[in-house]
Amino acid sequence: MKVYLIAGRARSGKTQTAKILKELLEKENRKVVITEYSKYIKLFAKDFLGWDMISEPKPRAFLQEMGEYVRHLNKDTYFTERMKEDLNIYSHFVDDVIISDVRMPKELEELKSFHPVKIKVVNENANYDLTPKEASHETEHALDNYEGFDYVIKNKTEQEMTEILKQVIRKVIE
């Protein structure tokens, strides 16, 4: 099983990248799943706020606060340990797993045993609708100086992103 980690700030194009990557891998007759570290705190948002986990705007302030609390409570291992458990399950059913919302160095480093492909998506023209507090949150900047990415992709048109990701897949699958 191959694991792809998609990292970036809010509105960088992580979800779009994951969807394109999934589509391309499926064209190679691979079974693919997209998952998120944040799915666990999104469930809390659903329970606490009644959020449907899809609609925009996301309750970002709540998600950031809950994520911070959970990381502090569990010494930064809650998300990575849960994901490792999930990956062990996925490995029996799929060829590729795409984690579409990497925000912290630990979320990259703690999955080393899965030999992931680490992709950072950058959107210099992003229309950020974050409040100043949300924009300054640790999860928006924790990977700014991280140098362990296999690929750094500038978010462009869907066609350009598709061509770039085709090249990534060729290198990974070979």
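Predicted, not measured: the structure shown is a model, and the values here were computed from it.

Parameters at a glance
- Residues numbered from 1 in each chain as written.
- Predicted model: local features only at pLDDT ≥ 70, side-chain atom pairs only at ≥ 80, totals over all residues.
- Heavy atoms only, no water.
- Phe/Tyr/Trp six-rings, centres within 6.5 Å; stacked < 30°, edge-to-face > 60°.
- Buried < 20%, exposed > 50% of the residue type's maximum accessible area, 1.4 Å probe, protein only.
- Helix = DSSP H or I, 4+ residues; strand = E, 2+ residues; numbered from the N terminus.
- Expected span 1.5 Å × (residues − 1).
- Contact = heavy atoms within 4.5 Å.
- Arc of directions from axis to C-beta.

Q: Can you walk me through the packing of aromatic side chains in this structure?
A: The description of an aromatic ring pair uses the distance of the two centres, along with the angle that the planes make with each other. With the rule as written, the count across this model stands at five aromatic pairs. Relative to Phe-79, the ring of Tyr-78 has its centre 5.3 Å away and its plane inclined at 85°; by these criteria the two rings are edge-to-face. With a relative accessible area of 5%, Phe-79 lands in the buried category. Ring plane angle 75° and centroid distance 5.1 Å describe the contact between Tyr-146 and Phe-149, whose orientation is recorded as edge-to-face. As far as the burial class goes, Tyr-146 and Phe-149 line up, both buried. Taken together through their ring pairs, the aromatic side chains of Tyr-40, Tyr-78 and Phe-79 make up a single cluster.

Q: Please explain helix α4 (residues 78–90) as it appears in this structure.
A: Residues lying three or four places apart along an α-helix face the same way, a consequence of the helix completing one turn every 3.6 residues. Here α4 spans 18 Å end to end across 13 residues, near enough to the 18 Å set by a 1.5 Å rise per residue. If you follow the buried residues of α4, they end up packed against β1 (2–7), β2 (32–35), α2 (39–49), α3 (60–73), β3 (96–102) and α5 (105–109).

Q: What's the story with helix α1 (residues 14–27) in this structure? I'm lost.
A: Between its first and last C-alpha atoms α1 spans 20 Å; for 14 residues at 1.5 Å apiece the expected length is 20 Å, and the two agree. What α1 keeps buried is the set Lys-14, Thr-17, Ala-18, Ile-20, Leu-21, Leu-24 and Leu-25. The buried residues of α1 occupy one face: seen down the axis, they fall within an arc of 165°. Facing away from the buried side of α1 by more than 90 degrees, the exposed set consists of Lys-19 and Lys-27. The secondary structure elements touched by the buried residues of α1 are β1, β2, β3, β4 (117–122) and α8 (158–173).

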